[in-house]
Number of protein chains: 2
Amino acid sequence: MTKQSGALTLIDLDTATPCCPPLAQQPLPAETAAVLAPAFKALGDPVRLQLMSMIASAPGGEACVCDLTPAFELSGPTISHHLKTLREAGLVDSERRGTWVYYRARATILRQLAGLLAADAPS
Amino acid sequence: MTKQSGALTLIDLDTATPCCPPLAQQPLPAETAAVLAPAFKALGDPVRLQLMSMIASAPGGEACVCDLTPAFELSGPTISHHLKTLREAGLVDSERRGTWVYYRARATILRQLAGLLAADAPS
DNA sequence: CGTCTAGGTTGACATCTATCAAAACAACGT
DNA sequence: ACGTTGTTTTGATAGATGTCAACCTAGACG
């Protein structure tokens, strides 16, 4: 579950993306758009966006599912499903340690997405 | 269509959002996530992401629908629908000038979204 | 007015998505 | 082995989404 040995994730942004000529600098090639869009799509749900921020801002850089789930009025399976979506979008990694599963944000991807949206115009 | 006089758009990010404590700095409140998610959602489609980049990178900062449509192998209505989605997400503005309609990126929002994703950790 | 062209709206349809209950799986404690 | 607790998978369902064809609207130009 944790280490996606080899090429497991649907989208491996790290390798597949030359990435990040700021959006406003030059038109995104269709292939690049196709690779990046799923990441934005994953962030396009309020629950997942909140999950993402909880994970990214968690002390130690990781958050336990057991801490994430009770923060929402949603069933366990639903939270698990959203976490899976984030994982498949390449936004987080998961690791099981004993009974609990911890999620960790992939800073690289976040930085890439931020760079994409960054206005080149300084202000 | 162009000036949303008063409060028209579903999401008015400019006013509704205190916005942009970097995602990884503190957990996003549910209400903020609910406001921001639709913007990411709008970017979560390859066609719209490409449209967005074409508009944002267009000379003069604006692009005519007549230039956008032929760049895709999609029907006019479909492109129009995607542009509407971007508009309702607060990502673009549209203005009719004579026969043609021009779309323009909202730099403010893009900067807000970029700020959200920006890793506070320098590297 | 009539008519052309550029865009948008409506209606329909196939696919995807968010959600839950129920079941399955994983690790720990007895 | 057995039961308990944490997490994921499966199946089902209501609702959202992307797409098109057909139709409608807005200007421009005679």
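In this report, the structure presented in the accompanying data block is examined.

Calculation rules
Residues numbered from 1 in each chain as written. Chains lettered and ligands numbered in written order. Predicted model: local features only at pLDDT ≥ 70, side-chain atom pairs only at ≥ 80, totals over all residues. Heavy atoms only, no water. Contact = heavy atoms within 4.5 Å. Buried area = accessible area lost by both parts, 1.4 Å probe. Salt bridge = Lys/Arg side-chain N within 4 Å of Asp/Glu carboxyl O. Helix = DSSP H or I, 4+ residues; strand = E, 2+ residues; numbered from the N terminus. Nonpolar A, V, L, I, M, F, W, Y, C, P; charged D, E, K, R; others polar. Near = heavy atom within 4 Å. Polar contact = N/O pair within 3.5 Å; in protein donor to acceptor, adjacent residues only side chain to side chain. Least-squares fit on C-alpha atoms with pLDDT ≥ 70 in both. Pairing = 2+ DSSP bridges. Axes fitted to C-alpha atoms, helices over the stretch in contact; angles between N-to-C directions. Phe/Tyr/Trp six-rings, centres within 6.5 Å; stacked < 30°, edge-to-face > 60°. Buried < 20%, exposed > 50% of the residue type's maximum accessible area, 1.4 Å probe, protein only. Lys NZ or Arg CZ within 6 Å of the ring centre and 35° of its normal.

Before going further, it helps to examine the interface of chain A and chain B. Taken residue by residue, the interface counts 32 residues in chain A and 33 residues in chain B. Its largest share of buried area at the contact with chain B, chain A owes to Leu23(A), Leu49(A) and Leu117(A), together 21% of the area lost on that side. Summed over the shared surface of chain A and chain B, the result is 0 salt bridges. Only helix H2 (30-43), helix H3 (46-57) and helix H6 (107-117) of chain A provide two or more residues apiece to the side of chain A that touches chain B. Within the side of chain A that touches chain B, the residues separate by chemical class into 23 nonpolar, 6 polar and 3 charged.

Let us look at the protein's contact with DNA strand C. The local shell around DNA strand C holds 24 residues, among which Lys41(A), Ser75(A), Thr78(A), His82(A) and Cys66(B) are the closest. Atoms of DNA strand C within 4 Å of the protein: sugar and phosphate make up 83%, bases the balance. In this structure, a phosphate oxygen belonging to DNA strand C sits 2.9 Å away from a main-chain N or O atom of Ser75(A). At the level of secondary structure, the elements contributing two or more residues to the surface near DNA strand C comprise helix H5 (76-88) of chain A together with helix H4 (65-68), helix H5 (76-88) and strand E3 (100-105) of chain B. The greatest single-element share of the surface near DNA strand C, amounting to 4 residues, is contributed by H5(A). Here the surface near DNA strand C is composed, by residue class, of 10 nonpolar, 8 polar and 6 charged.

Structural alignment of chain A on chain B gives an RMSD of 0.1 Å, achieved by rotating through 180° and translating 0.0 Å along the axis. Here the two chains are linked by the operation of a two-fold rotation axis. Taking C-alpha positions as the reference, the residue of chain A nearest the rotation axis is Ala114(A), at 2.2 Å. Take the interface residues of chain A: 100% of them recur as interface residues in chain B, which is what a same-surface contact looks like.

This part takes up the sheet that holds strand E1 (residues 62-64) of chain A. All names here are of chain A. With antiparallel pairing, 3 strands are arranged side by side in an open sheet as E1-E3-E2. Here the strands that pair on one side only, and so sit at the sheet edges, are E1 and strand E2 (92-97). Adjacent strand axes in the sheet meet at a mean angle of 30°, parallel and antiparallel pairs treated alike. Pairing geometry for E2 and strand E3 (residues 100-105), over 6 bridges, is antiparallel. Residue pairing across strands places Asp93 opposite Arg104, the latter belonging to E3. Packing of H3 onto the sheet brings it into contact with E1, E2 and E3, and relative to E3 it is tilted by some 90°. In the packing of H5 onto the sheet, the strands contacted are E2 and E3, and the crossing angle to E2 comes to about 120°.

Per the counting criterion, the structure on display carries 8 salt bridges over all chains. Of the charged contacts in the structure, one is a salt bridge between Glu62(A) and Arg97(A), with a shortest N-O distance of 2.5 Å. In this pair, Glu62(A) is assigned in strand E1 and Arg97(A) in strand E2, connecting sequence segments 35 residues apart. The partner of Arg106(B) in a salt bridge is Asp93(B), and the shortest N-O contact between them spans 3.3 Å. Pair noted here: Arg106(B) is in the loop between E3 and helix H6 (107-117) and Asp93(B) is in strand E2 (residues 92-97), with a separation of 13 residues, a long-range link.

A ring pair, where both rings are aromatic, is described by two values, the distance of the centres and the angle of the planes. In the structure shown here, the tally under the stated rule is 1 aromatic pair over all chains. Both rings, one in Phe40(A) and one in Phe40(B), keep their centres 6.3 Å apart while their planes meet at 15°; by these two values the pair is stacked. Taken together, the positions of Phe40(A) in helix H2 and Phe40(B) in helix H2 (residues 30-43) put the pair across two chains. Classification of Phe40(A) as buried rests on a relative accessible area of 0%. The ring of Tyr102(A) has Arg97(A) sitting right over it, with the charged end atom 4.2 Å from the ring centre.

That's the geometry; what it means functionally is another story.
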